[in-house]
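Next come the chains, spelled out residue by residue.
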Amino acid sequence: MPANKSVLAISGSLRAGSSNHAILRYLGGLAPADFDYVIYDGLAGLAHFDPGLDAGQTPSPVIELRQLLANADAVIICSPEYAFGVPGSLKNLLDWTVGSGSLEGKPLALITASTGGQHAHAALQLILKSALGGNLPADATLLIPFVRTKMDGGGNVVDIETKEALHQVFNVLLTAL
Ligand SMILES: Cc1cc2nc3c(=O)[nH]c(=O)nc-3n(C[C@H](O)[C@H](O)[C@H](O)COP(=O)(O)O)c2cc1C
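Residues numbered from 1 in each chain as written. Predicted model: local features only at pLDDT ≥ 70, side-chain atom pairs only at ≥ 80, totals over all residues. Heavy atoms only, no water.

1. Here we look at the overall build of the chain
No. 1: Each helix and strand in the chain was counted, giving five helices and five strands.
No. 2: Shown N-terminal to C-terminal, the secondary structure of the chain runs as helices and strands in the order β-α-β-α-β-α-β-α-β-α.
No. 3: In terms of C-alpha radius of gyration, the chain reaches 15 Å, essentially the compact-globule figure of 16 Å for 177 residues.
No. 4: Along the first, second and third principal axes, the C-alpha atoms of the chain reach 50 × 45 × 30 Å. (Helix = DSSP H or I, 4+ residues; strand = E, 2+ residues; numbered from the N terminus. Rg over C-alpha atoms; globule rule 2.2 N^0.38 Å.)

2. Points about the pairing of strand S2 (residues 35-39)
No. 1: Pairing of strand S1 (residues 5-11) with S2 involves five bridges; the strand directions are parallel. Following the sheet pairing, Ser 6 is matched in S2 by Asp 36. (Pairing = 2+ DSSP bridges.)

3. Considering the packing of aromatic side chains
No. 1: For the coordinates displayed, the defined rule picks out two aromatic pairs.
No. 2: On the numbers, 6.3 Å between centres and 75° between planes, the contact of Tyr 37 with Phe 170 is edge-to-face. In this pair, Tyr 37 sits in strand S2 while Phe 170 sits in helix H5 (residues 160-175), placing the two residues 133 residues apart along the sequence. Here the two residues Tyr 37 and Phe 170 agree in accessibility, since each one is buried. (Phe/Tyr/Trp six-rings, centres within 6.5 Å; stacked < 30°, edge-to-face > 60°. Buried < 20%, exposed > 50% of the residue type's maximum accessible area, 1.4 Å probe, protein only.)

4. Some details on the pairing of S1
No. 1: Where burial is concerned, most of S1 is hidden: six out of the seven residues are buried.
No. 2: In this sheet, strand S3 (residues 74-79) lies alongside S1 in parallel orientation, the contact comprising five bridges. Among the inter-strand pairings, Val 7 is bridged to a residue of S3, identified as Ala 74.

5. A look at the site of the ligand
No. 1: If you check the shell around the ligand, you find 16 residues, and the closest are Ser 13, Ser 18, Asn 20, Ser 114 and Gly 116.
No. 2: Thr 115 places a main-chain nitrogen or oxygen 3.3 Å from an oxygen atom of the ligand.
No. 3: For the shell around the ligand, the per-class residue count stands at five nonpolar, eight polar and three charged. (Near = heavy atom within 4 Å. Polar contact = N/O pair within 3.5 Å; in protein donor to acceptor, adjacent residues only side chain to side chain. Nonpolar A, V, L, I, M, F, W, Y, C, P; charged D, E, K, R; others polar.)

The structure is reproduced here in structure tokens:
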């Protein structure tokens, strides 16, 4: 029997009750039965990026991250914007993938869910495509502004248009595999 396809989902927010986590959980519910969908939980444990450490002292959480990325058939990134930019913790993760080429040619989807988010959304597209060589189709990107108005008090995505847009992005990603 062929192995299941796998999707690794990465949130750029470390906040308890994060809207971005909620969106990733929602997408997990859309995954076909023969897909393994995993939400990465190691973001807070990654050391600050230091290219010098890659010469024999790569931290084990970074090795694990790279292994997860290597094993994933596709990756979804869902992030807020902080201070008009990419959250530092997510940028740190992405910096660790430059040298390893972990996202080179990898089918990607990008969702930026924030109050505004357009700066981080543009920056992430540039990083993922131009710096990291990811396969990020234009229709696998989605900006969700005023994200908290699209959730209910229990952290569920309730806005119909947002749900439809999430379905569409997820389907584009799956067809890119
Ligand atoms: C320190 C700080 C800075 C923020 N800066 C921005 C910003 O520049 N642009 C924006 O769209 N939202 C900004 N926000 C709002 C967050 O995007 C918003 O709180 C979002 O819901 C966070 O995502 P999460 O719910 O997944 O944690 C900021 C929030 C904080 C706490």
